[in-house]
Amino acid sequence: MHVEGVVERLKQEGIETVRVQFADFYGVSRRKDVPIDFFANAVEDGVQFCVSIFSIDLSSMPAMGTGLGDEVGYSDVMAVPDLSTLKLVPWQAKTAMVWADLHMRGNPLSLAPRTILKKIVQRYRDRGLEPIIGSELEFYLLDTSCGEPKFYFDRMGSCYTSGPIIDKHGILYEIRRAMEGMGKKIPAYNHEFFASQYEINLLHEPALDAADTSFAFKQAVKEIAHKYGVLGTFMAKPRNDGGGSGLHLHVSIKDPQTGANLFYDPTASDGLSQLARWFIGGQLAHARAMTAILDPTINSYKRHVLGSFSPVYLVWGLDNRTSYVRIPTERGKGTRVENRAADAASNPYLVFAAALAAGLDGIERQMNPGEPFVGDAYALCDPREVPSLPQYLHEAIPVLEKDDYLVSAMGEDFVKAFTAVKRLEVQRFNQFVTDWEFNEYAFHL
């Protein structure tokens, strides 16, 4: 696209501001708003950000040992807009958004989440494969209009319902219309199992497009809800009296020449191709190492408990929601592999990259996942015989670091910086006195 023509078109559509954005390690949208008259300059020259944004946690504390602080003189990176991603922001008047790729000293920033995903997708394309992803994102709406966050809708027993009773402000409808305004269709949305928990399904797309869509969707939920004094949160488990929220990852692989779904084999008894089985094998082989990326916060591990419909044991199954990998019932073009481990607070670029990297290793090394598990994995699995996920973030971090394949696929510089930030998060939590501790001990001891 010629930038002058793009600017002229935006002006004709009444756009006054363009949001230039990228995802940090947490999946937070780091961005600058650029007035339309300066957008052409932003495209030609890039927009400056300090690279140390990748070295801080959510409290803005800098982690030591990332290689991104004083080691590089707190240098700038240039955010170069990708004009093919330009979209209107339906919930913010006269505003457009564009995704940016990061460059430092003339080279792509290898640890940027979008860059990592692009690299792994290219490895598939080099083999004549096109990974397709759809994500199911669960989230909570909490009313903050009176201070302390309360349930937006406070009754249980409303799973698979919709309408004004469970959404008095019509927030879900507005989110749907916003996504449609960005050219993204929403096939279904509903109230989920727990009070004030909701789910909106996103259509399958090529992996990078799917990550961009998930990133924009999370912004839409949070910013539209905010207009009504409501907190939209993808936190893994925001309350003790509710369940966890996941990012269920649905993956298939397409033949770019014919469009055929290569995970489907009509001659197989279960309809799964050998390619699909190898992909599943890779998911299981690298599941423990992926955990720090798929479940990247202290809170993430409150979700992985027995009986929670969140995986604990590393098994795969046919339409089995107690397993780590579930194969939904659809076949033909709908054949797919569902990884159920990621929590909704995770970074979609990093989750997609890690899962695709693991699957590619399974394909290249032809990993056999074994027979599908039948039954209730929570009740029937023996922890002495069946591996399980790490139970805490501090356990998951070194498992990632020891997986040579995943470290190489994601990039050593990424793993170095990411784990340093995560260790700082763990350290801060370990030094913090929680309400539970005070209520448990202060009045008795």
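The coordinates are above.
Residues numbered from 1 in each chain as written. Predicted model: local features only at pLDDT ≥ 70, side-chain atom pairs only at ≥ 80, totals over all residues. Heavy atoms only, no water.

(A) Seen up close, the pattern of salt bridges. The tally for this structure, following the rule as stated, stands at 29 salt bridges. One salt bridge in this structure joins Glu 180 and Arg 177, with 2.9 Å as the shortest N-O distance. In this pair, Glu 180 and Arg 177 both sit in helix α4 (residues 171–181), three residues apart, roughly one turn of the helix. In this structure, Glu 338 and Arg 340 form a salt bridge, with 3.0 Å as the shortest nitrogen-oxygen distance. Glu 338 sits in the buried class, given a relative accessible area of 0%. Here Arg 340 falls in the buried class, since its relative accessible area comes to 3%. Through salt bridges with shared partners, a single network forms among Asp 82, Asp 101, Arg 114, Lys 118 and Asp 212. (Salt bridge = Lys/Arg side-chain N within 4 Å of Asp/Glu carboxyl O. Helix = DSSP H or I, 4+ residues; strand = E, 2+ residues; numbered from the N terminus. Buried < 20%, exposed > 50% of the residue type's maximum accessible area, 1.4 Å probe, protein only.)

(B) The arrangement of the packing of aromatic side chains in detail. Within this structure, the stated rule accounts for 17 aromatic pairs. Relative to Phe 443, the ring of Phe 438 has its centre 5.7 Å away and its plane inclined at 80°; by these criteria the two rings are edge-to-face. Given a relative accessible area of 64%, Phe 443 falls into the exposed group. Cluster of aromatic residues (ring-pair linked, three or more members): Phe 22, Phe 25, Phe 49, Phe 54, Phe 414 and Phe 418. Taking the ring centre of Phe 49 as reference, the NZ or CZ of Lys 32 above it sits at 5.0 Å. Over the ring of Phe 234 we find Lys 218, and its NZ or CZ is 5.2 Å from the ring centre. (Phe/Tyr/Trp six-rings, centres within 6.5 Å; stacked < 30°, edge-to-face > 60°. Lys NZ or Arg CZ within 6 Å of the ring centre and 35° of its normal.)

(C) View of a nonpolar patch on the surface. Where nonpolar side chains cluster on the molecular surface, the patch consists of Val 433, Phe 438 and Phe 443 and spans about 360 Å² of accessible area. Along the chain, Val 433 turns up in the loop between α12 (412–430) and α13 (435–441). (Patch = residues over 30% accessible without salt bridge, like charges linked within 9 Å, V, L, I, M, F, W, Y side chains within 5 Å. Areas by Shrake-Rupley, 256 points an atom, 1.4 Å probe, with all protein chains shown as cover.)

(D) Structural detail: the packing of helix α3 (residues 113–126) against helix α8 (residues 348–364). Contact geometry of α3 with α8 gives a least axis separation of 9 Å together with a crossing angle of 25°. Considering their axes alone, α3 and α8 lie roughly parallel with respect to each other. Crossing of α3 over α8 shows left-handed handedness. Seen from α3, the contacting residues are Pro 113, Arg 114, Ile 116, Leu 117, Ile 120, Val 121, Arg 123 and Tyr 124; seen from α8, they are Tyr 349, Leu 350, Phe 352, Ala 353, Leu 356, Ala 357, Gly 359, Leu 360, Ile 363 and Glu 364. Here the contact of α3 with α8 is built from residues that sort into 14 nonpolar, one polar and three charged. (Axes fitted to C-alpha atoms, helices over the stretch in contact; angles between N-to-C directions. Parallel < 35°, antiparallel > 145°, perpendicular 65-115°, else oblique. Left-handed = near helix turned anticlockwise from the far one by under 90°. Contact = heavy atoms within 4.5 Å. Nonpolar A, V, L, I, M, F, W, Y, C, P; charged D, E, K, R; others polar.)

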